[in-house]
Amino acid sequence: MALQAGLVGLPNVGKSTLFNALTKSSIPAENFPFCTVDPHIAITQVPDERIEKLQTLFKSEKKIPATMQFVDIAGLVKGASKGEGLGNQFLGNIMQVDLIIHVVRCFENELIVHVHNQVDPISDFNDIISELILKDMDSAQKRKEKLEQLIKSAKTKQLKAQELELLEREREIVNQLEVLFNKEDLSAIQQLVAQAKTDGITLVPFLSGKPFLIAANFDEDSFADGSYKNSVFYSRLIEKFGIDSIIPVSAKIEADLAQLSEEEAAEMREVLGITQSGLDELIQKTYKKLQLMSYFTCGPKEIHTWTIKKGTNVQKAAGEIHSDLERGFIAADVYNAQDLFALGSEAGLRNAGKLRTEGRDYIVKDGDILNIKFNV
């Protein structure tokens with residue numbers, strides 16, 4: 001399931017440094033705007049402690065974790081919606097991602113130039129959102145004009161009443177969105193776009209309607225000792241967006257750790273007193289925000305993690321492994337990893353009634369272990 005999260009932000013907020021850490025890649029992260037011009041795409045593993053436990057229980061030769069695609073998108077400046085800087089390219093790149101990670105700068109450093117000469121993460125976020133909304137307003141106006149033509153044509157040609165009703169409903173939604181764009185009411189925009197999709201209304205892709213998270217980039221010292229929690233930057237972000245949408249990180253620390261072996265990185269974390277990886281939290285929250293979850297197939301050869309959307313039935317989930325499994329699906333033997341950890345073996349699962357056979361309509365749960373039965 002190739003869903004993408006895009007890292008966006010103003011120039012010099014730490015996007016490329018954080019991207020380097022996320023992907024253990026090496027792209028330029030210099031102290032000048034537009035260092036990243038083309039979007040860099042890379043894949044990183046989703047941390048999941050269950051994989052190690054399963055590998056031990058099944059004595060598997062290898063493990064294949066879930067992965068996420070991250071995109072590093074060029075820095076934005078005011079006027080992007082009108083083509084300023086790398087505006088059109090920037091906005092086009094955002095259009096392709098499923099979730100936006102806003103990287104905002106939460107540290108003072110006179111050696112690193114801020115594009116506005118003032119550190120203010122809320123203002124930085126607002127600059128980006130304003131440009132996205134301006135672009136969306138333009139898209140909405142163009143779509144509205146197109147709808148007027150379609151509705152007029154539909155009445156003339158006497159299209160089916162259902163088609164005309166959908167067009168009228170879409171026009172109504174676009175009118176509502178124009179009001180929300182002017183208010184810059186992000187939560188209401190997202191709810192309206194999501195409801196339209198549920199109702200089968202085909203809207204143009206609105207950038208401001210995409211789900212988002214905030215990566216708050218702190219300096220090394222305040223992140224390591226936890227003092228960032230007392231900073232005005234952090235408190236203002238929490239107040240505006242809520243704690244579930246904020247991921248505190250130190251891009252510099254994470255980028256340094258990414259260059260070390262696992263043993264060396266563990267030692268460095270111990271020295272710095274870091275108990276939780278900001279990077280792991282960022283990846284996990286991205287996974288969760290996209291409504292993704294994992295199920296496993298297990299055996300002596302490998303533990304394989306498969307990614308599906310929440311609410312997926314088992315027949316559709318089988319298709320993530322191979323289309324033949326979905327097409328010829330008969331049933332699936334199912335139990336959950338947490339039950340296996342608690343009971344220790346498949347025999348224990350059977351005795352406790354935790355191992356069962358499910359049909360095609362069963363909704364897969366996070367952590368389920370599946371054995372698919374099929375016939376093609």
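Residues numbered from 1 in each chain as written. Predicted model: local features only at pLDDT ≥ 70, side-chain atom pairs only at ≥ 80, totals over all residues. Heavy atoms only, no water.

### Notes on the overall build of the protein
- Secondary structure assignment for the protein yields 15 helices and 12 strands.
- Classification of the 376 residues of the protein by burial places 48% in the buried group.
- Within the protein, contacts between residues separated by at least 24 positions form 70% of all contacts whose residues are at least 6 apart in sequence.
- When the accessible surface of the protein is split by element, carbon and sulfur atoms take 48% of a total near 19,100 Å². (Helix = DSSP H or I, 4+ residues; strand = E, 2+ residues; numbered from the N terminus. Buried < 20%, exposed > 50% of the residue type's maximum accessible area, 1.4 Å probe, protein only. Contact = heavy atoms within 4.5 Å. Areas by Shrake-Rupley, 256 points an atom, 1.4 Å probe, with all protein chains shown as cover.)

### Focus: helix α8 (residues 232–241)
- Burial in α8 covers these residues: Phe233, Tyr234, Leu237 and Phe241. Taken end-on, α8 shows its buried residues confined to a sector of 95 degrees, consistent with a single buried face. When the buried face of α8 is taken as reference, the exposed residues oriented beyond 90 degrees from it are Val232 and Glu239.
- After α8 finishes, the residue Gly242 shows a positive phi value of roughly 90 degrees. (Arc of directions from axis to C-beta.)

### Concerning the pairing of strand β1 (residues 4–8)
- Within β1, 5 of the 5 residues are buried, which leaves the element mostly enclosed by the surrounding structure.
- Of the two faces of β1, both are covered, the one formed by Gln4, Gly6 and Val8 as well as the one formed by Ala5 and Leu7.
- In the sheet, β1 pairs with strand β4 (residues 67–72) via 4 bridges, with the strands oriented parallel. Across the sheet, the residue bridging to Ala5 is Phe70, located in β4.
- Pairing between β1 and strand β5 (residues 99–105): 4 bridges, direction parallel. Bridge assignment links Val8 to a residue of β5, and that residue is His102. (Pairing = 2+ DSSP bridges.)

### Observations concerning the confidence of the model for the protein
- Overall, the prediction assigns the protein a mean pLDDT of 84, with 86% of residues at 70 or greater.
- Note on residues 26–38: pLDDT is under 50 here. Beyond four places in sequence and across chains, it has 36 contacts. (pLDDT = per-residue confidence, 0-100.)

### Looking at the sheet that holds strand β7 (residues 246–249)
- Taken together, the 6 strands give an open sheet; going across it, the order is β2-β4-β1-β5-β6-β7, and neighbouring strands pair in mixed fashion. Looking at strand neighbours, the two that pair on one side only are β2 (40–45) and β7, the edges of this open sheet. For this sheet the average axis-to-axis angle between neighbouring strands, irrespective of direction, equals 25 degrees.
- Pairing geometry for β2 and β4, over 6 bridges, is antiparallel. (Axes fitted to C-alpha atoms, helices over the stretch in contact; angles between N-to-C directions.)

### Considerations on the pattern of salt bridges
- Within this structure, the stated rule accounts for 18 salt bridges.
- Close ionic contact of Lys142 with Asp138 constitutes a salt bridge, the shortest N to O distance being 3.3 Å. With Lys142 and Asp138 both in helix α4 (residues 121–157), this residue pair falls 4 residues apart, about one helical turn.
- On the basis of relative accessibility, which here comes to 34%, the residue Asp138 falls in the partly exposed class. (Salt bridge = Lys/Arg side-chain N within 4 Å of Asp/Glu carboxyl O.)

### Looking at the environment of Leu343
- Inspection of the secondary structure assignment puts Leu343 in helix α14 (residues 337–343).
- A relative accessible area of 38% means that Leu343 is categorised as partly exposed.
- Placed 11 residues apart in sequence, Leu343 and Lys354 show a C-alpha to C-alpha distance of 9.6 Å.

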